[in-house]
Amino acid sequence: MGTNRKISNKRAIVSIGLFILFILLIMSAIIIQVEENNPQSFGLHVWTAVHVVCGTVFMIFVIFHLVYNWKIFRNYLNRKNR
Ligand code: HEM
């Protein structure tokens, strides 16, 4: 039981993380578009870094998200179970 509780905590952290990262990715993408008018701006540099880091962590979290939901995901892909 202790193990199950730990896994579901991680599962919740990954899902909430994905949601927050998704919002940050959209926000930083829009800010980058606006800041692009001024290529020398510090803001462009910072928001591009935020976008790249969030994108990388998002891809890692998607893998964990799929691992934690693997049985359900495999059932969706398996035609026999539809
Ligand atoms: C913004 C990105 C995403 C968010 C916020 C999100 C959120 C969630 C949440 C809250 C759940 C409920 C179970 C849990 O907490 O683990 C869930 C389930 C699931 N997610 Fe995601 N998810 C995202 C992206 C993805 C992606 C990219 C995939 C597949 C490539 C995916 C596949 C699944 C599957 C297979 C389940 C199980 C569905 C079920 O219970 O029937 N998710 N997701």
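You'll find the structure just up there.
What you see is a predicted model, and the numbers here were worked out from it, not measured in a lab.

Caption draft 1: Examining the overall build of the chain more closely. A count of helices and strands for the chain gives 3 helices and 0 strands. Taking all 82 residues of the chain together, the buried fraction comes to 7%.

Caption draft 2: Highlighting the site of the ligand. Taken together, 13 residues lie around the ligand, and S15, F19, F22, N69 and F73 are the ones closest in. Counting residues per element, the shell around the ligand draws most heavily on helix α1 (residues 2-35), which supplies 6 residues. Split by residue class, the shell around the ligand holds 9 nonpolar, 3 polar and 1 charged.

Caption draft 3: Structural view of the environment of F64. Topologically, F64 is positioned in helix α2 (residues 42-68). A count of 16 C-beta atoms within 10 Å places F64 in the partly exposed class. As for F64 and V14, which are separated by 50 residues in sequence, their C-alpha atoms are 7.2 Å apart.

Caption draft 4: Structural detail: α2. The terminal C-alpha atoms of α2 lie 39 Å apart, and with 27 residues this matches the ideal 39 Å at 1.5 Å per residue to within 8%. Of all the residues in α2, the buried ones are W47, C54 and F61.

Conventions used here
All residue numbers here refer to positions counted from 1 along the written sequence of the relevant chain. For this predicted model, a pLDDT threshold of at least 70 governs which residues receive local features, and a threshold of 80 or more governs which side-chain atom pairs are given and counted, while totals over whole chains, interfaces and linings are taken from all residues. Secondary structure follows DSSP: runs of H or I at least 4 residues long count as helices, runs of E at least 2 residues long count as strands, and numbering of each begins at the N terminus. Neighbour counting defines burial: a residue surrounded by 20 or more other C-beta atoms within 10 Å of its own C-beta is buried, one with 12 or fewer is exposed, and intermediate counts give partly exposed, using backbone-placed C-beta atoms. Only the C-beta atom, placed from the backbone, is used; a residue is near a molecule or strand if that atom lies within 6 Å of it. As a working rule, the residues Ala, Val, Leu, Ile, Met, Phe, Trp, Tyr, Cys and Pro are called nonpolar, Asp, Glu, Lys and Arg charged, and the rest polar, with Gly in that last group. In this analysis, the expected span of each helix is defined as 1.5 Å times one less than the number of residues it contains.

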